[in-house]
Amino acid sequence: MSEVVVIGAGVAGLAAARELAAHGVAATVLEARGRIGGRVHTVHDPAWPLPVELGAEFIDVPGAAWEAMRAAGGAAYRSAGGMWEVRGGSAVPLDLERSIERVLGRLDPPPKRDRPFREWLAEQRGIAGHDRELALRYVEGFHAAEVDRVGVRWLAETTGEEGGGGGEVRFHPLGGFGRVAEGLRGGLGPGGELRLNTVATEIRWNEDGAEVRCRSRWGAELEPVRARRALVTLPLGVLQAPEGAEGAVRFVPEVAGKAEAAAALAMGSVVKVVLRFRRPFWEEALRFGAGEDGPGTREVKFLMGDGAFPTWWTPSPVQAPLLTAWAGGAAALRVLAGGDPAGTALASLAGMLGVERARVEAELEECRFHDWQADPFARGAYSYGPAGALEARAELGRPAGDTLFFAGEATAADGWNGTVDGAIESGRRAAREVLERNRSE
């Protein structure tokens, strides 16, 4: 019997196992995929000039993820500014931070009544139409939230934080975000064990311990894993999955309050397409106004349009012919409903630049995309709080007796849910709860 079994080798699970190992407690970590990292998914392809980030990409410096990446010998490069609003190829500077502050700044202090963001915004007076539109797109894109569901009290809590790549200055991991997961795995300790391709299907538990029933990714039943305590780091989308669905985990007996807490929260949707071109042809297509510096003299980092993919970014200040297309919330769901995210991205880029789609296609070499909504071990991008659900996050992370403990970005406190740093800290928090129980026995 193991001392602790950890369900999931995303950054929350790895951080929990590392924290336990640092205090002499060995953990067995079960991971359904054939890789670690969860929604951190870096692909290394020699045909690409930089690692391809299909999941998390921007890293906070300093921060928990940065510390883990440095432990694996990683580095990061810095980008500041370079945000442009583009329509039909015409580019004008965009101070998104200031525009968003004019709207979301009104959430300080938080409203007494929680309600959906769009409803709250409709009641606000004295906000310019452009600022309103940018705020809606920001909440939908950055938070992967549907503006008709996300609560203003949850937004008020997150607005004061800059986790997950927020703020004017942004950093990219130079060797890929996967270095974060590798850095965390390096601390599992001599007694720790990592089992990949091991899909947890059922957790039977009582006050004496837990038994995790599992199968291989190819369907074969595996020997159950027994432990004194179980630390669960399943994504919110998996916790919300109906019984019998692929990736779903059944608790026997059910954990009081957990299903209700999970149902109260929401798993956001994101579509991210990474494109490699023959050359950075968009620099030729963009037209900068009189007196505005263009490529080579002023950074061109973010391109904000009004197409199906409203947000784009380059790897600047690194020079490489890469673009990333991003849609969140309802925009992401519309892209997925169309059935061709890559094709939609090409059409959206052509419209934003004011060029023929044929020109974009002629420049394209390859694109990469991972459907996180269809991924049975994620079932979405990251979590957010609908109106009235502010207390559900704490309930989701609360232990069940002395046996079951819960972590993951959806349980992160102080506005850090939806971020890698928040996931890491949640794993450490749950590990400390385990250690406290151990000391009390």
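Quantities reported herein were computed from a predicted structural model and do not represent experimental measurements. (Residues numbered from 1 in each chain as written. Predicted model: local features only at pLDDT ≥ 70, side-chain atom pairs only at ≥ 80, totals over all residues. Heavy atoms only, no water.)

Quick word on the packing of helix α1 (residues 11-22) against helix α7 (residues 178-185)
- Here α1 crosses α7 at 25°, and the two axes come no closer than 8 Å. On the basis of their axis angle, the class for α1 and α7 is roughly parallel. Crossing hand, α1 versus α7: left-handed. Here Val 11, Leu 14, Ala 15 and Arg 18 of α1 lie close against α7, whose contacting residues are Val 180, Ala 181, Gly 183, Leu 184 and Arg 185.
- Among the residues making up the contact of α1 with α7, the classes are represented as six nonpolar, one polar and two charged. (Axes fitted to C-alpha atoms, helices over the stretch in contact; angles between N-to-C directions. Helix = DSSP H or I, 4+ residues; strand = E, 2+ residues; numbered from the N terminus. Parallel < 35°, antiparallel > 145°, perpendicular 65-115°, else oblique. Left-handed = near helix turned anticlockwise from the far one by under 90°. Contact = heavy atoms within 4.5 Å. Nonpolar A, V, L, I, M, F, W, Y, C, P; charged D, E, K, R; others polar.)

Quick look at helix α15 (residues 420-440)
- Compared with an ideal rise of 1.5 Å per residue, which puts 21 residues at 30 Å, α15 spans 31 Å between its outermost C-alpha atoms and is within 8% of the ideal.
- N-capping of α15 is provided by Thr 419, with a side-chain oxygen placed 2.8 Å from the backbone N of Gly 422. (Expected span 1.5 Å × (residues − 1). Polar contact = N/O pair within 3.5 Å; in protein donor to acceptor, adjacent residues only side chain to side chain.)

Remarks on the sheet that holds strand β7 (residues 90-93)
- Here eight strands make up an open sheet; going across it, the order is β16-β7-β6-β17-β18-β19-β15-β20 and the pairing mixed. Unpaired on one side and paired on the other, β16 (287-288) and β20 (364-369) mark the two borders of the sheet.
- Where β7 lies against β16, two bridges are found, and the strand directions are parallel. By the bridge assignment for β16, Ser 90 is matched with Arg 287.
- Together, β15 (270-277), β19 (322-328) and β20 form the strand contacts of helix α11 (residues 330-338), whose direction differs from that of β19 by roughly 105°. (Pairing = 2+ DSSP bridges.)

A short note on the side chain of Asp 131
- Mapped onto the elements of the fold, Asp 131 is located in helix α5 (residues 129-142).
- For Asp 131, a relative accessible area of 7% corresponds to the buried category.
- At 2.7 Å, the side chain of Asp 131 and the side chain of Arg 102 are in polar contact.
- What Asp 131 contacts, discounting residues up to four positions off in sequence, is Ser 99, Arg 102 and Val 103. (Buried < 20%, exposed > 50% of the residue type's maximum accessible area, 1.4 Å probe, protein only.)

Observations concerning α1
- Across its twelve residues, α1 extends 16 Å between first and last C-alpha, which sits within 8% of the 16 Å expected from 1.5 Å per residue.
- Most of α1 sits out of view: nine of its twelve residues are buried.
- The set of residues buried in α1 consists of Val 11, Ala 12, Gly 13, Leu 14, Ala 15, Ala 16, Ala 17, Glu 19 and Leu 20.
- On the buried face of α1, the contacting elements are β1 (2-7), β2 (27-30), α7, β12 (221-232) and α15.

Quick notes on the pattern of salt bridges
- Using the criterion set out here, one finds 37 salt bridges in the structure.
- Its salt-bridge partner being Glu 365, residue Arg 278 comes within 3.9 Å of it at the nearest N-O pair. In this pair, Arg 278 sits in the loop between β15 and α10 (282-285) while Glu 365 sits in strand β20, placing the two residues 87 residues apart along the sequence.
- Take Glu 365: its relative accessible area is 39%, and that puts it in the partly exposed class.
- Note that Arg 357 is salt-bridged to Glu 361, the shortest N-O span being 2.7 Å. Remark: Glu 361 and Arg 357 occur in helix α13 (residues 357-363); sequence separation between them is four residues, near one turn of the helix.
- On the accessibility criterion, Glu 361 (40% relative accessible area) is partly exposed.
- Within this structure, Glu 202, Arg 204, Glu 211, Arg 213, Arg 226, Glu 243 and Arg 250 form a network of salt bridges that share partners. (Salt bridge = Lys/Arg side-chain N within 4 Å of Asp/Glu carboxyl O.)

A few points about the layout of surface pockets
- Space inside the second largest pocket adds up to approximately 590 Å³.
- Forming the boundary of the second largest pocket are 29 residues, of which Leu 239, Ala 241, Val 249, Arg 250 and Phe 251 lie nearest the centre.
- Those elements that place two or more of their residues in the lining of the second largest pocket are β10 (198-206), α8 (236-239), β13 (250-252) and α9 (258-264).
- Among the elements that take part in the lining of the second largest pocket, α9 stands out by supplying five residues, more than any other. (1 Å grid on protein atoms, 1.4 Å probe; cavity = no way out; pocket = protein on both sides within 12 Å on 5 of 7 lines; lining within 4 Å. Points joined across faces, edges and corners; volume = space filled by probe spheres on them.)

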